[in-house]
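# Chains, contacts and geometry: an overview
Residues per chain are reported as follows:
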Amino acid sequence: MCQASHLSSPTFRAASLFYASGSRAQTSGKFISGCIRQLRCCKVVRQYVGRRLTHELAIRQRNTEFFQKFRPNRLCLVSTPHNFSRSLSLSRLSSEEFDVVVIGGGITGAGVVLDAASRGLRACLLERDDFASGTSSKSSKLIHGGLRYLQQGDVRLVYQALRERKRLRRNAPHLVHVLPFMIPILTKNSVVSKKIARALGSAMWMYDLTGGWRIGRLHRRLSADAAFAHLPTMSREKLSSAYMYYDAEADDARLTLSVLRSAADNGAAIANQCRVEGIDSVNRTQHSVRVHDIVGDTHFAIRTKAVINATGVWADDVRALDEASHPDTIRPAKGVHLTVPWEKVRNDIAVVIPVPSDKRSLFVVPWISRGDGTYQFTYIGTTDTDYKGPVNDPQCTRDDIEYVLAALNASVNTDVTLEDVTGVWSGLRPLVKMDDSSAKAGRTADLSRRHRVFTSDNGVVTVTGGKLTTYREMAEDAVDAVSEVLGTKTRCRTKSMSLHGAKGRSIRASQRDHHLDGRFGSDSADIAALIANDPSLSGPLVDGLPYLRAEAVYAVTHEMATSIDDILSRRTRARLLNRRASVSAARATADLISPLLGWDDAQCSASIAEFIDACAREDAAAMVTEQEFIDSHKG
Ligand SMILES: Cc1cc2nc3c(=O)[nH]c(=O)nc-3n(C[C@H](O)[C@H](O)[C@H](O)COP(=O)(O)OP(=O)(O)OC[C@H]3O[C@@H](n4cnc5c(N)ncnc54)[C@H](O)[C@@H]3O)c2cc1C
């Protein structure tokens, strides 16, 4: 069934384009050349489908042999061919010619490759590490307009983001969930005065009018008692009342993966662990992209008509490959989050808390529902500071932790300390530098979150800035820019396109179904099938966390995970929730996935060591100041 659906889509698209163009321009010469183009396209599709089938059958044969030998009871799913396969993509990347090569497998690149493939362009994407391993797994995980951008006067950004929020809720209902927020209003002697409360009331109306209403609910005022019930660790005397409004949340790394899988469903070739090391341009529509496959340690080149650079905070480095000088347009802004046990905060909705002596606020978000109104964790973030350290490995330092805990402890009375922190993550916003000097000197928090699309003299398109929430619109603009370079007219099709996993979702009967459905959508049936074949896979992957062993198997067989870090940091979010428990689970995870990846003992140990090292770096960074951390990376 899986095979039929992925094979039919490109063929069907080519066929429907053929008929559509025919009815519009039957008598013109344009129609004839259109037909020839489409016929060629059909031929390409047929060749592509043929190659894909042969390759998939080879993979299927190999997997079948392996599972017959070692794991007969896990045979059913792993041997089912599917289109999100690294080896399949690599063989296509080294043999086919493309219309568009997308560099960077964060949410922006994912959106771009989906947009391009769904317009009928032959598209591929290369990610040098793992999908979403950059900023796109380290956000606050909110699909929102951003109340504070409204307060900064950026009405257009908020309007666009809230429109995208609505689309995302419709296109990915399995991943994007409504999240109520509360802004407590504190009594006179505390941080927020009644005057500010009135101003806040106006801001809430503005938010609703700008598009907040699209979620189907307007903001409302809560009594002090009602507010206290949502955050019982706050001192009741401090509370005067609160505002409640609605936004949405999504697991950023899983959203990125779902967008990438949708692109593969539309015929795109996608590979992680493939670093782009050079862009050679003959002219604006003839390029060769040089790639290093890190897993196989091989090099190859891809011929393409267009290149889109969607590499976030690395965008200038990739532009330098094309423009021969470093343009220095990105101003990285660091943001950290801390995870603590939910019992320390006991908020049943997200809460916005003020940061004393700073004109900022933090989100306090409950995470991992137990299904009875309680949660396992709460995360708090985010900071927003200029970043001067190594872009490849930003860390949450002692300064960051003290800042966040000071703000939290000013709002709750449970005295949360460093020892309570079970996980941290730190990401870099790829903010675009502003031209005027006053903005250059200003705080990163005041820089616009709007995106920019830039086309170089060679025709290479770069898309930077923006937000997780607005990725689809960024992608549309970037592919429009490519169409301009190519001199073609194509229409964006992603506005109402369901993302992978959105259709045919399971009924949430049990807490386990709920967990799987909210992460895999319709693919949760595949996880259930794995478990039905091997009940041991229903066991927990990491002690105390809801992830199942079957999810690790599926991550390797269907989600291109190639390391323990991929599984514990992004396919599941175990490391962000509980780092120590994740380290303890590294060996068992390795034992589970080693045979699937064909690892020998050395490769298995190397992946465990790499994960433990990354966790140790997080532990170490928590002990030093920001300056000490930066100094230790100098030279
Ligand atoms: C702390 C924080 C909180 C945030 N919270 C929110 C939020 O709640 N809501 C929201 O809407 N937005 C939020 N954002 C913004 C949002 O997360 C980012 O705008 C978005 O994730 C950027 O995605 P990207 O794809 O552009 O970059 P990235 O995710 O960084 O992706 C770029 C990718 O390019 C790859 N790459 C680099 N060089 C190469 C190369 N040579 N070859 C191949 N690949 C390469 C990298 O490995 C990386 O995976 C937040 C950002 C931060 C930092």
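Here, every reference points to the structure presented above.
The following paragraphs examine the structure supplied in this document.

### Observations concerning the overall build of the protein
On a plain count of helices and strands, the protein comes out with 22 helices and 18 strands. Counting the 635 residues in the protein, one finds 47% classified as buried. Of all intrachain contacts in the protein linking residues separated by at least 6 positions in sequence, the fraction that spans at least 24 positions is 69%.

### Quick word on the site of the ligand
Of all residues adjacent to the ligand, which total 39 residues, the nearest are Gly104, Gly106, Gly134, Gly312 and Gly335. The leading source of residues in the shell around the ligand is strand 16 (residues 423-432), at 4 residues. Residue composition of the shell around the ligand, grouped by class: 12 nonpolar, 19 polar and 8 charged. Each of domain 2 (83-141 + 250-329 + 434-503) and domain 3 (178-247 + 332-433) accounts for three or more of the residues forming the shell around the ligand.

### Points about the packing of helix 5 (residues 107-118) against helix 10 (residues 252-265)
The N-to-C vectors of helix 5 and helix 10 enclose an angle of 20 degrees; their axes lie 8 Å apart at closest approach. Here helix 5 lies roughly parallel to helix 10, going by the angle between them. Relative to helix 10, helix 5 is oriented so that their crossing is left-handed. Here Ile107, Ala110, Gly111, Val113, Leu114 and Ala117 of helix 5 lie close against helix 10, whose contacting residues are Asp252, Leu255, Thr256, Val259, Leu260, Ser262 and Ala263. Taken together, the residues of the contact of helix 5 with helix 10 sort by class into 9 nonpolar, 3 polar and 1 charged.

### A closer look at the packing of helix 16 (residues 524-533) against helix 17 (residues 549-558)
Following both chains from N to C, one finds helix 16 and helix 17 inclined at 115 degrees, their axes separated by 10 Å at the closest point. The crossing of helix 16 and helix 17 is right-handed. Across from Asp526, Ile527, Leu530 and Ile531 in helix 16, the residues of helix 17 making contact are Ala550, Glu551, Val553, Tyr554 and His558. Looking at the contact of helix 16 with helix 17, its residues break down into 6 nonpolar, 1 polar and 2 charged.

What counts and how
Residues numbered from 1 in each chain as written. Predicted model: local features only at pLDDT ≥ 70, side-chain atom pairs only at ≥ 80, totals over all residues. Helix = DSSP H or I, 4+ residues; strand = E, 2+ residues; numbered from the N terminus. Buried ≥ 20, exposed ≤ 12 C-beta atoms within 10 Å, placed from the backbone. Contact = placed C-beta atoms within 7 Å. Near = placed C-beta within 6 Å. Nonpolar A, V, L, I, M, F, W, Y, C, P; charged D, E, K, R; others polar. Domains from an automatic or database assignment. Axes fitted to C-alpha atoms, helices over the stretch in contact; angles between N-to-C directions. Parallel < 35°, antiparallel > 145°, perpendicular 65-115°, else oblique. Left-handed = near helix turned anticlockwise from the far one by under 90°.

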